[in-house]
Amino acid sequence: MVAKLRLLSALLALASATLAAEPMDTIERRVRRNTINSRDLLKRDNIDPKTLYPAYNLSVPIDHFHNDTMYEPHSNGTFPLRYWFDATYYKPGGPVIVLQSGETDGTGRLVFLQKGLLHQLAVETGGIGVVLEHRYYGTSIPTPDFTTESLRFLTTDQALADQAYFAQHVVFKGLEHVNLQAPNTPYLAYGGSYAGAFVAFLRKLYPDVYWGVISSSGVTEAIWDYWTYFEPIRVYGGEPCITYVQKITHMMDNILIKTNSSSTTAELKSAFGFPNITYNDDFAYAVASGVTAWQGRNWDPANNDPSFAEFCAAITNSTLKYSPSSNLTSTAKDLLTKGGYTNEIANLTTPLLNWIGWLNENTVASCKRSQDSCFGTHNITFYAQDDISADWRAWPYQYCTQWGYLQTGSGVPSTQLPLISRTNDLEYESLVCRAAFNITTPANVTAINKYGGFGISYPRLAIVDGEQDPWRPACPHASPFNSTATNRTSTLSEPFILIEGAVHHWDENGLFANETVNTPGEELPPLPEGIVQDRMKRNSVKF
């Protein structure tokens, strides 16, 4: 029996970034783009966690719902659901704490068995830490390929049933003599972003299996046109950077959409170093790479992506930082004139030239092939790939069918200047839905929002969000970015915590003891987060 649990009255805060590895083509990077910050998945010390934690597999049903016609033809088969565990800190009566890896290969999450919230909870509770892979990611593939027909079993409901089945049937190697299955042993679940919403739903759907849940930056409200992704960036990005981005983007849209002159459009593309990107929407998306780097900010320097800060530092510099772009002064003034900003040439010429210079140094220079190959997304041949190697199809299928989150510039109200081009509209963002899966209608977000959306609530469900997270408008703390979300009072049973200054699930990653810094003003983790972590430990679960 589980004793009365004093769930966390507070939690940690901190994590996010963009992968600093070999660059992928834009088409592959965009279809793989998900709610995860890829830098979080990088190995963080000299020991590869895969050598510390062997992989195991549990045979689970491919199809948990034989009465639901959406899964026809049904399957009686099973597939190997991969997991890893660390029982180093286990004490009799301790819980099993399952981190849902979400829409990625689970090996990238193994570092959290070493440090971060999962590790800390295992230490504090005498529990077993587990990383559980999501169906259709990593090696947990139920079907022989990624055709649209094969992907019919890729729904959040099926994956939730997998995690419940896991808790009820797993036997941990070396602990075969102990009944560590639910409900005999208390199970806790943790996840961030998509996985954060996932575990929130898990608590509500399977309350007799999972005793408590921590949902970090959980995107519990599915939204088709997710233009509000950029709202926290607009509010917290800082001035005059944000104003410069809005006005220069508006200038570009005036040329691309209103003027619609092929010669002026060519002049614009050439000025930014993209003369050979065929489609205007691809060009506009490439130009915005500095803005979209916001999600990569992190409290940990090793995980932080400095791109947004560097981009803003460049365009707000009062002098020209890049000598090649200085030769474009007359072109910049001409574009500002043609784009409707004649009266602001004096204020916007230098920011525009520094934007061009920063982009050429950080984006254009990385392309060693044709620009359409590097930055184009209209390659229909690519989307037709659906064999077992086309694992990129999994997350797009999920957001095309159920989740949405198409991050548009076109959705921004006409009374407001967007941070990305209005050419990045629903037609553009849903290209993968049509070309890869022949899906021509919006995602069925009702299939997700039926669990509660912004208002999801359940005893022993802790909700933790980041104040400056671009995913906050899809989380329970969405207010004031979404008028249908409301603030609530945090309680011991249902903690409701917004972490000041934090971005995307900043509580997930952590530091080894020898990595912490206690120098006043330079603390790592930063002082507010350290206080929250200590408080979390003092109020850890008791069984």
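Data block above holds the structure.
What you are looking at is a predicted structure, and each value in this text was computed from that prediction instead of being measured. Residue positions within a chain follow its written sequence, with the count starting from 1. In view of the model being predicted, local features appear only for residues whose pLDDT reaches at least 70, and side-chain atom pairs are presented and counted only at 80 or more, with totals across whole chains, interfaces and linings using the full set of residues. Excluded from the side-chain calculation are hydrogens and water; included are all heavy atoms of the structure.

**Student:** Just give me the short version of helix α13 (residues 345-362), but keep the residues and values in it.
**Tutor:** Over its 18 residues, α13 runs 25 Å from end to end, which matches the ideal 26 Å to within 8%, given 1.5 Å per residue. Under the scheme applied here, a residue whose accessible area is under 20% of the maximum for its type counts as buried, over 50% as exposed, and between as partly exposed, the area being computed with a 1.4 Å probe on protein chains only. Helix numbering and strand numbering both begin at the N terminus, where a helix is a DSSP run of H or I of at least 4 residues and a strand a DSSP run of E of at least 2. Regarding α13, the residues found buried are Ile345, Leu348, Thr349, Pro351, Leu352, Leu353, Asn354, Trp355, Ile356, Gly357, Trp358 and Leu359. To estimate the expected span of a helix, count its residues, drop one, and scale the result by 1.5 Å.

**Student:** An account of the state of the cysteines is needed here, citing residue identities and associated values.
**Tutor:** Any two cysteine sulfur atoms lying within 2.5 Å of each other are counted as a disulfide. Counting across every chain of the model gives three disulfides. With a sulfur-sulfur separation of 2.1 Å, Cys367 is cross-linked through a disulfide to Cys374. Where Cys367 bonds to Cys374 through sulfur, the torsion about that S-S bond is close to 85°, and the disulfide is right-handed. Residues Cys367 and Cys374 agree in their burial class; the two are buried. Disulfide pairing places Cys400 opposite Cys433 at an S-S distance of 2.1 Å. Its torsion about the S-S bond being -85°, the disulfide of Cys400 and Cys433 is classed as left-handed. Here Cys400 is found in helix α16 (residues 394-403), whereas its partner Cys433 is found in helix α18 (residues 431-437), with 33 residues between them in sequence. Like Cys433, Cys400 is buried.

**Student:** An account of the sheet that holds strand β3 (residues 96-100) is requested, with residue identities and associated values reported.
**Tutor:** Paired through backbone hydrogen bonds, the strands of a sheet run either parallel or antiparallel to each other. By this definition, two strands are paired if DSSP reports at least two bridges between them. Taking strand neighbours across the sheet as the criterion, the eight strands line up as β1-β2-β4-β3-β5-β6-β9-β10 in an open arrangement whose pairing is mixed. Where the open sheet ends on each side, the last strands, each with one partner, are β1 (56-61) and β10 (496-499). Strand-to-strand twist across the sheet, computed as the mean angle between neighbouring axes with direction ignored, equals 25°. As paired strands, β1 and strand β2 (residues 78-86) are joined by six bridges and run antiparallel to one another. Residue Val60 lies in a different strand from β2, and its bridge partner there is Phe79. Contacts: residue pairs with any heavy atoms within 4.5 Å of one another. Axes here refer to lines fitted to C-alpha atoms; in helices the fit is confined to the stretch in contact. Angles between the N-to-C directions go from 0 to 180 degrees. Running over the sheet, helix α4 (residues 156-169) touches β1, β2, β3, β4 (128-132) and β5 (187-192) and is turned about 115° from β1. Packed on one face of the sheet, helix α5 (residues 194-205) meets β3, β5, β6 (212-216) and β9 (461-466) and runs near 155° to β6.

**Student:** Which residues make up helix α7 (residues 241-259), and what are the values?
**Tutor:** Taking 1.5 Å of rise per residue, 19 residues should cover 27 Å, and α7 covers 26 Å from first to last C-alpha, within 8% of that figure. To get the bend at any residue, fit one axis to the seven residues that end at it and another to the seven that begin at it, then take the angle between the two axes. Along α7, the sharpest kink reaches roughly 25°, centred on Asp253. At the C-terminal side of α7, Asn260 shows a positive phi close to 50°.

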